[in-house]
Amino acid sequence: MSVDTDRTITVTVNGVPREATVPVRRLLSDALRHDLGLTGTHVGCEHGVCGACTVLVDGDPVRSCLMLAVQVDGHAVTTVEGLARDDHRGGQVLHPVQEAFRECHALQCGFCTPGFLTTIAAGLEKRDPAAELTDEEVDDMVGGNLCRCTGYANIKKAVHHAAAAMKDDAR
Amino acid sequence: MKPAPFRYADPGTLDEALAVLSAEGEGAKVLAGGQSLLPLLSMRLAAPTTLVDINRVPGLDSVEVTGNGVTVGALVRHTALLADDAAARVQPLLARATANVAHPAIRNRGTTVGSIAHADPSGEMTSVLALTDGAVTVATPSGPRTVEWRDLFVGPLETSLHGPAVVTSAFFPALPDRSGTAFAEVARRKGDYAVCGAGVVVTLDEDRRIARVRASYVSVGLTPEVHDLTEAVAGKPVDSADWAAAGALARTLVDPDTDIHASADYRRLLVGVLTERTLAEAAAEAAAKVTGE
Ligand SMILES: Cc1cc2nc3c(=O)[nH]c(=O)nc-3n(C[C@H](O)[C@H](O)[C@H](O)COP(=O)(O)OP(=O)(O)OC[C@H]3O[C@@H](n4cnc5c(N)ncnc54)[C@H](O)[C@@H]3O)c2cc1C
Ligand code: FES
Ligand code: FES
């Protein structure tokens, strides 16, 4: 059984296999930003409270500041950079949640935004788009992310907006 | 901040995990969901020499439900337990309490067993283990053993487990017949650790009279405790029981502390309010079962 201080890991990040050699104490958040150059993932509190660093690991939202980079070896990570979709014409279109944030003015300074976008995108993709989205469900979805600018009203509005767009898409 | 340097192993079997824990000695720590341990490392409140990550150990991620109770494996995430309807039917306190544990993104990684091994008096699942009279199974180099909740919790963030040990599962006994449960808490924000929380079990006799009332609290006291509140309402018909009296009794039994979130007096007040509220709810649930019998 090897007990290591450094490891080489292979992770599929936003659909692309990436390799990095990291000290075992490297947090996933730092590996994404510093080793892989993906600075879309923001780091606020570094102890799980603010939600700014939330990414999807195998599709589920997790705090990237509360995982070690070595723990995602062999797994798939989606960051905010990976939310936009292929438009099949050689370009990309924003994810409905990103579109809704722009539409509803759901960000100001933008520091918290990547964490909200990943959390909400996963939350909406996991539910039946035809089912009515309740305010309580929205509160539960975004309640673990802190935003010091917007006052949340427009963020919640954006969640409903995105859900409606995804419902239309699903038809 | 960042964690201080440590060594890391991710064994593929339980035996290997115990072997590494033994070889690395005192400074080695088990890493499960990391939702309590990694914050401690980043804040430099803990500096283990070695982390032994059990996430690759097979066979620890299942919830087993029988008529006797629910066995939750060490790698069952809060999210999975929360979604387990069979477990909720046999012991409803599991889902009711887990719904109050942190936020969905934390629940996706954090484990129920890790919560218990962490022994945080402000954690919900330690008090549910106590209230249901549960126990954990611990793998050690000399073989597995069972530790009852009373023998497990020693102090805040401290258990009686020493040396190389991996908690492999927690067992929560089934809810007794003619019983109802409720769980409620007051927190500053949804998903935060509770300022005060209460879980209760009310058991009736065949004549819908109160037979037994037990409560356990969150963020009250240094280790989880179970308080018997039966004497305040014993023998009373369920529809006319004086739940405020049970709340008043609970206030005299607890010994909360003052911290930056709340004073001891405020916590004691919340114990009374939450006890009265949850008991009424649990009793109504029990009464509906007796009527339905
Ligand atoms: C922002 C935030 C809010 C939170 N809010 C709440 C809350 O409201 N209520 C609540 O209860 N919790 C809360 N938590 C903590 C969360 O529930 C954790 O999941 C839980 O406390 C620990 O489980 P874990 O699997 O993450 O354990 P880890 O963090 O991996 O480990 C915690 C400790 O237990 C030991 N350990 C873990 N598993 C085992 C095992 N199988 N055998 C032996 N030792 C083991 C570790 O060595 C370590 O000392 C919160 C966490 C965060 C970051
Ligand atoms: S930086 Fe990870 S939750 Fe705040
Ligand atoms: S937009 Fe500034 S913190 Fe949310």
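Residues numbered from 1 in each chain as written. Chains lettered and ligands numbered in written order. Predicted model: local features only at pLDDT ≥ 70, side-chain atom pairs only at ≥ 80, totals over all residues. Heavy atoms only, no water.

Colleague: Hey, could you go over the site of ligand 1 for me, with residue numbers and the actual values?
Modeller: Around ligand 1, the surrounding shell holds 35 residues, and the nearest of these are Val-30, Ser-36, Leu-37, Thr-111 and Glu-124 of chain B. With respect to ligand 1, the chains having nearby residues are chains A and B. The separation between an oxygen atom of ligand 1 and a polar main-chain atom of Gly-34 of chain B is 2.7 Å. Between ligand 1 and Ser-115 of chain B there is a distance of 3.4 Å, counted from an oxygen atom to a backbone nitrogen or oxygen. Out of a free accessible area of 960 Å², ligand 1 has 94% covered by protein chains. (Near = heavy atom within 4 Å. Polar contact = N/O pair within 3.5 Å; in protein donor to acceptor, adjacent residues only side chain to side chain. Areas by Shrake-Rupley, 256 points an atom, 1.4 Å probe, with all protein chains shown as cover.)

Colleague: For helix H1 (residues 28-35) of chain A, give the residues involved together with the corresponding values.
Modeller: Residue and element names in this part refer to chain A. Among the residues making up H1, those that are buried are Leu-28, Ser-29, Asp-30, Ala-31 and Leu-32. Of the surrounding secondary structure, the elements contacted by the buried residues of H1 are strand S1 (6-13), strand S3 (54-57) and strand S5 (76-78). After H1 finishes, the residue Gly-37 shows a positive phi value of roughly 70 degrees. (Buried < 20%, exposed > 50% of the residue type's maximum accessible area, 1.4 Å probe, protein only. Helix = DSSP H or I, 4+ residues; strand = E, 2+ residues; numbered from the N terminus. Contact = heavy atoms within 4.5 Å.)

Colleague: I'd like a description of the domain arrangement of chain B, backed by residues and values.
Modeller: When the parts of a complex come together, some accessible area is lost, and that lost area is often taken as the interface size. All names here are of chain B. You can read the domains of chain B as domain 1 (1-173) and domain 2 (179-292). Computed over C-alpha atoms only, the centres of domain 1 and domain 2 are separated by 26 Å. In this assembly, 25 residues from domain 1 lie in contact with 25 residues from domain 2. For the pair domain 1 and domain 2, the two sides together bury roughly 1900 Å², of which 60% comes from carbon and sulfur. Looking at the side of domain 1 facing domain 2, the largest losses of area belong to Arg-96, Pro-121 and Leu-131, adding up to 30% of the total buried there. Counting across the domain 1 and domain 2 interface gives one salt bridge. Two residues, Arg-96 and Glu-285, come together in a salt bridge whose shortest N-O distance is 2.7 Å. Elements with a contribution of two residues or more to the side of domain 1 that touches domain 2: helix H5 (93-98), helix H8 (124-131) and strand S8 (153-155). Looking at which element gives the most residues to the side of domain 1 that touches domain 2, the answer is H8, with six residues. Its residues placed into classes, the side of domain 1 that touches domain 2 shows 12 nonpolar, nine polar and four charged. (Domains from an automatic or database assignment. Buried area = accessible area lost by both parts, 1.4 Å probe. Salt bridge = Lys/Arg side-chain N within 4 Å of Asp/Glu carboxyl O. Nonpolar A, V, L, I, M, F, W, Y, C, P; charged D, E, K, R; others polar.)

Colleague: Describe the interface of chain A and chain B, with residues and values.
Modeller: Each partner contributes residues to the interface: chain A has 25 residues there, and chain B has 36 residues. Each partner contributes to the roughly 2600 Å² buried at the junction of chain A and chain B, and carbon and sulfur atoms together form 60% of this total. For the salt bridge of Lys-2 of chain B with Glu-46 of chain A, the shortest nitrogen-to-oxygen distance reads 2.4 Å. Joining chain A to chain B, the criterion identifies 10 residue pairs in polar contact (both at pLDDT 80 or more). Among the elements that make up the side of chain A that touches chain B, the one with the highest residue count is strand S4 (residues 60-63) of chain A (four residues). Of the residues contributing to the side of chain A that touches chain B, the split by class is 10 nonpolar, seven polar and eight charged.

Colleague: Please give an account of a nonpolar patch on the surface that cites residues and values.
Modeller: On the surface, Tyr-266, Leu-269 and Val-273 of chain B cluster together into a nonpolar patch covering about 250 Å² of accessible area. Tracing the chain through its elements places Leu-269 of chain B in helix H11 (residues 264-292). (Patch = residues over 30% accessible without salt bridge, like charges linked within 9 Å, V, L, I, M, F, W, Y side chains within 5 Å.)

Colleague: Tell me about the confidence of the model for chain B, and please be specific about residues and values.
Modeller: The pLDDT averaged across chain B works out to 96; a share of 99% of its residues lies at or above 70. Here the predicted complex scores 0.96 on pTM and 0.96 on ipTM. (pLDDT = per-residue confidence, 0-100.)

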